[in-house]
Amino acid sequence: MPTRPQIDVSTFNGQLLDGLDFCRKVYDLLDQLRIEPDGIVKLRLRPTKKEKRLIEELIPITHVRARYREGRRIKVRWFSGSQPYDAILWSSGDLVEHRIVPRKMLIEVTTSVHQNEYLARRLLHERGGSFGVKGISRDNKTGEIVSGPHVHTNNELVTDLAGQIIERLKSKSDTTVVKGQAGNQEEVFAIS
């Protein structure tokens, strides 16, 4: 079986790719990083922009595969850098021609995680696990990560998640939001 060429984040930057080919290449990059020495550790701790962009931008954009259907083909152009969006989706086919879906959509990937999530990943790497993120803190004297149990109240998880999402949206509110339009409909493609 022939080996596939090495893939890097630069493989995607600014390149217009068929949506399913984009997904395949992202998964190939994930597999390639995973089998490298300390690959799992790198994916877990995300020490460089390569792992961070793969986990936090490229993999979420692969959810584009769920938008494929009869009458719709999709192309993806992902951008590395500082712009108000992460990717552009270009659609073609009968659904576009009949103005059921927009031809062009700008995608901004926004991830909402607890502020201690990175500490949980570090504990998973160093000790093999941790309690939930609400039970994690740093010892002020030693700097050591401490993990203890936390009992949630009835709505606490939902309330916390809603608060995290609102905070992430507020932090990004200075960027321009553009929605794709098709006839009288708007398609909002949110990934979180």
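Here, every reference points to the structure presented above.
> Is there a simple way to explain the sheet that holds strand 3 (residues 87–92) in this structure?
Read across the open sheet, the four strands follow the order 1-2-3-4; overall the sheet is antiparallel. Because the sheet does not close on itself, it has two edges, and the strands there are strand 1 (16–18) and strand 4 (104–107). Each adjacent strand pair in this sheet contributes to an overall mean axis angle of 25 degrees, direction not counted. Bridge count for strand 1 against strand 2 (residues 73–78) is three bridges, and the pairing is antiparallel. Note on strand 2: the bridge partner recorded for L17 is V76.

> Honestly, the pattern of salt bridges in this entry has me stumped. Any pointers?
When charged atoms on two side chains of opposite charge get close, those side chains can pair. Within the structure shown, the criterion is met by 13 salt bridges. The salt bridge partner of D21 is K25, with a shortest N-O separation of 3.7 Å. Of the two residues, D21 and K25 both sit in helix 1 (residues 19–34), four residues apart, roughly one turn of that helix. For K25, a relative accessible area of 18% puts it in the buried group. Note that E36 and K42 form a salt bridge whose closest N and O atoms lie 3.6 Å from each other. Relative accessible area serves as the criterion here: at 23%, E36 is assigned to the partly exposed category. Among the charged side chains, a network of salt bridges with common partners joins D21, R24, K25 and D28.

> What is the right way to read the packing of helix 1 against helix 3 (residues 49–61) from this model?
How two helices sit against one another is set out by the angle between their axes and by the gap between those axes. Where helix 1 contacts helix 3, the axes come no closer than 10 Å and their chain directions differ by 145 degrees. Considering how the two elements wind past one another, helix 1 and helix 3 form a crossing that is left-handed. Residues F22, V26, L29, L30 and L33 of helix 1 form the contact with helix 3, whose own contacting residues are K50, L54, L58, I59 and I61.

Definitions and cut-offs
Residues numbered from 1 in each chain as written. Predicted model: local features only at pLDDT ≥ 70, side-chain atom pairs only at ≥ 80, totals over all residues. Heavy atoms only, no water. Pairing = 2+ DSSP bridges. Helix = DSSP H or I, 4+ residues; strand = E, 2+ residues; numbered from the N terminus. Axes fitted to C-alpha atoms, helices over the stretch in contact; angles between N-to-C directions. Salt bridge = Lys/Arg side-chain N within 4 Å of Asp/Glu carboxyl O. Buried < 20%, exposed > 50% of the residue type's maximum accessible area, 1.4 Å probe, protein only. Left-handed = near helix turned anticlockwise from the far one by under 90°. Contact = heavy atoms within 4.5 Å.

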